[in-house]
Amino acid sequence: MGLKTFIQGWPVYRQLTGTDPLGRGAAAQSPRSAGLTARTETADGMARSVCPYCAVGCGQRVFHSGGQVTQIEGDPDSPISRGRLCPKGSASKSLVTSPLRQTKVRYRRPYATEWEDLDLDVALDMIADRILAARAETWEDVDEQGRPLNRTLGISSLGGATLDNEENYLIKKLFTAMGALQIENQARI
Ligand code: SF4
């Protein structure tokens, strides 16, 4: 590297001789930064979505390349969030791409200290058996004055905020049909 190139690469030199005398823009930019390109610029496309994490429902722009989600940013066109996302919403790309995402049923038996993988069919049978048993043990036909109740207080549902509208609709239908009253969602707590 020649002396002239070295000096021209010095931010103070660019600040004193260029169009950025306060050194808050191009003068302070390193060659590496100048060569970087935003992931959003090289994306194959973008789809509009809504952050799944809470009831605010901030608008998102989901950028993708090669069939993979590459970046998720706030949607400036959203009248709710106007381009903003909280830290959780900004990290929602990991919801679908994180290598730490659980893809198997995990189960910790009573008094066990370790988690184990469980076959999905086995897990579903265990859940169904426990729901049926809890419902049978706690079912209330009538109150003490003989008025109809047709309910159980032995079953409740607490949904996660990543459940979508359709899942919540079906959960509400299912649990109400089983006689449960306590049906809540994490986003309302
Ligand atoms: S989690 Fe954050 S980004 Fe997502 S909807 Fe709620 S406030 Fe908006």
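Residues numbered from 1 in each chain as written. Predicted model: local features only at pLDDT ≥ 70, side-chain atom pairs only at ≥ 80, totals over all residues. Heavy atoms only, no water.

### Section: the UniProt feature "domain: 4Fe-4S Mo/W bis-MGD-type" (unreviewed entry) in the protein chain
- In the numbering used here, UniProt assigns the feature "domain: 4Fe-4S Mo/W bis-MGD-type" (unreviewed entry) to residues 44–100.
- Each end of residues 44–100 is marked by a C-alpha atom, and these two atoms are 26 Å apart; helix forms 16% of the span and strand 35%. (UniProt positions renumbered as here; feature names shortened; annotations may be inferred. Helix = DSSP H or I, 4+ residues; strand = E, 2+ residues; numbered from the N terminus.)

### Concerning the site of the ligand
- By nearness alone, every residue bordering the ligand is listed as C51, Y53, C54, V56, G57, C58, L85, C86 and G89.
- By residue class, the composition of the shell around the ligand is seven nonpolar, two polar and no charged. (Near = heavy atom within 4 Å. Nonpolar A, V, L, I, M, F, W, Y, C, P; charged D, E, K, R; others polar.)

### Here we look at a negative patch on the surface
- On the surface, D119, D121, D125 and D129 cluster together into a negatively charged patch.
- Locating D119 in the fold gives a position in the loop between β5 (116–118) and α6 (120–138).
- You can call D119 partly exposed: its relative accessible area is 47%. (Patch = residues over 30% accessible without salt bridge, like charges linked within 9 Å, V, L, I, M, F, W, Y side chains within 5 Å. Areas by Shrake-Rupley, 256 points an atom, 1.4 Å probe, with all protein chains shown as cover. Salt bridge = Lys/Arg side-chain N within 4 Å of Asp/Glu carboxyl O. Lys, Arg positive; Asp, Glu negative; His and termini not counted. Charge placed at Lys NZ, Arg CZ, Asp CG, Glu CD. Buried < 20%, exposed > 50% of the residue type's maximum accessible area, 1.4 Å probe, protein only.)

### Overview of the confidence of the model for the protein chain
- For the protein chain, per-residue confidence averages 91 on the pLDDT scale, and residues scoring 70 or more make up 98% of the total.
- Considering each helix and strand of the protein chain separately, the mean pLDDT is smallest for helix α1 (residues 3–8), with a value of 76, and largest for strand β6 (residues 139–142), with 98. (pLDDT = per-residue confidence, 0-100.)

### Observations concerning the domain arrangement of the protein chain
- Along its sequence, the protein chain is organised into domain 1 (3–34), domain 2 (45–97) and domain 3 (105–185).
- Averaged C-alpha coordinates put domain 2 and domain 3 at centres separated by 31 Å. (Domains from an automatic or database assignment.)

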